[in-house]
Amino acid sequence: MLTSMIPAPRLQDAAARRSLRLGWLTTGRGPGSRALLAAAHRAITEGSLPATIDYVMCTRTRGETEGSDLFLTQAEGYGLPTFSLSARAYRRGGSEDVEWRERYNADLLAFIRSRPVDVLVFAGLLLIVGEDIINAAPALNLHPAAPGGPAGTWQDVIWTLIRQGASETGVTIQLATAEADQGPAVAFCRFPIRGPAFDELWREAQGHSVDALRRDHGEAFPLFARIREEGLRREALALVIALRQIADGRVAIHDGAVRSGAGAPLPEGVDITVEIEEALAARPQPPDS
């Protein structure tokens, strides 16, 4: 069942009506999802991102998890039209119900088509969506690795990096496609995971298999936690900058391909590493840093 929390209508000036219209889709599980929405909302409010979030759609309803409840409260607090379509409710038919996903995707697609936007943002969306949804509007997905890096969830990516003894990783904002993590990059950044801040942590991992580290320490393992921390510092910035590139006309998406505003192909997307590092350097540092 679709539920909604719709705020009172707000007047929009002419500039806002011409801005990039976003549909925000998420499962809202944890702090990463909340940070992405917070960054986009802040950039829009401050005027650095010419866009509007026309709606937020969460694949969980209130009462399912604490994380998604916090997310829904956040979105409502921003005054955004906020809806829920619970995937869990569609799965209640049990393991023999193999068609629940088809029904869910059909209802989600109907919702999306009834509210046309310029770009769909998959921000912490823990759901395999149908190709019709991906094709309803250009859909952006955040992947916690640099182009050519490991596929999978952010947990899988980090453990793979540790297994590989990698020297760098990154964040990619890509077009969502039917094949997970395989869409063309819109924008990306890279950052090192070697050097003074990491070397001692790598030494702690020496002589241990990744399977043992994952079993015995999990996400609390210091090297894992530090890589995740550095990724989180950049994810929200990367998403906002990628959206700004599209809103400003510097990046265009046509028929599943990413191009410059002048129409030139961008097979690897736009490298926004310098812009992100400059933004991080400009942030106020905590007193004990």
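Residues numbered from 1 in each chain as written. Predicted model: local features only at pLDDT ≥ 70, side-chain atom pairs only at ≥ 80, totals over all residues. Heavy atoms only, no water.

1. A few points about the environment of I173
- The topology assignment puts I173 in strand β7 (residues 168–175).
- Given the relative accessible area of 0%, I173 is considered buried.
- In the structure, I173 is positioned 68 residues away from I241 in sequence and 9.6 Å away in space, judged by C-alpha atoms.
- Ignoring sequence-local partners within four residues, the contact set of I173 consists of L140, N141, L142, A185, V186, A187, A238, L239 and A242. (Helix = DSSP H or I, 4+ residues; strand = E, 2+ residues; numbered from the N terminus. Buried < 20%, exposed > 50% of the residue type's maximum accessible area, 1.4 Å probe, protein only. Contact = heavy atoms within 4.5 Å.)

2. Details of empty space enclosed by the protein
- The tally for this structure, following the rule as stated, stands at two cavities of 30 Å³ or more.
- The volume enclosed by the largest cavity comes to roughly 70 Å³.
- Contributing to the lining of the largest cavity are P144, W154, I158, T169, G170, V171, F191, I227, R228, G231 and E235.
- Elements supplying a minimum of two residues to the lining of the largest cavity: α7 (154–164), β7 and α10 (222–247).
- Sorting elements by how many residues they give to the lining of the largest cavity places α10 first, with four residues.
- Grouping the constituent residues of the lining of the largest cavity by class yields six nonpolar, three polar and two charged.
- In this structure, the second largest cavity occupies an estimated 30 Å³ of space.
- Lining of the second largest cavity is provided by L36, V121, F122, A123, L140, N141, L142, I173 and L239.
- Only β5 (119–122) and β6 (139–143) provide two or more residues apiece to the lining of the second largest cavity. (1 Å grid on protein atoms, 1.4 Å probe; cavity = no way out; pocket = protein on both sides within 12 Å on 5 of 7 lines; lining within 4 Å. Points joined across faces, edges and corners; volume = space filled by probe spheres on them. Nonpolar A, V, L, I, M, F, W, Y, C, P; charged D, E, K, R; others polar.)

3. Considering the environment of P31
- Within the secondary structure, P31 sits in helix α2 (residues 31–46).
- Residues P31 and L70 lie 39 residues apart in sequence; the distance between their C-alpha atoms is 9.1 Å.

4. Describing α2
- The terminal C-alpha atoms of α2 lie 22 Å apart, and with 16 residues this matches the ideal 22 Å at 1.5 Å per residue to within 8%.
- Along α2, the positions that sit buried rather than exposed are G32, S33, L36, L37, A38, A39, A40, H41 and A43.
- Buried-residue contacts for α2 involve β2 (20–26), β3 (51–58), α3 (66–77), β6 and α10.
- Looking one or two residues past α2, G47 carries a phi angle of roughly 90 degrees, positive in sign. (Expected span 1.5 Å × (residues − 1).)

5. Notes on α10
- Its 26 residues give α10 an end-to-end C-alpha distance of 38 Å, which sits within 8% of 38 Å, the value for a rise of 1.5 Å per residue.
- Taking the largest bend as the criterion, α10 deviates by roughly 25 degrees, centred on R234.
- The buried fraction of α10 amounts to 19 of the 26 residues, a majority that puts the element mostly inside the structure. (Bend = angle between axes of the 7 residues up to and from the residue.)

6. Details of the pattern of salt bridges
- What the rule picks out here adds up to 16 salt bridges.
- The partner of R228 in a salt bridge is E235, and the shortest N-O contact between them spans 3.1 Å. For the pair R228 and E235, one class covers both residues: buried.
- The residue E277 makes a salt bridge to R234 at a minimum N-O spacing of 2.9 Å. Here E277 is found in helix α11 (residues 273–282), whereas its partner R234 is found in helix α10, with 43 residues between them in sequence. (Salt bridge = Lys/Arg side-chain N within 4 Å of Asp/Glu carboxyl O.)

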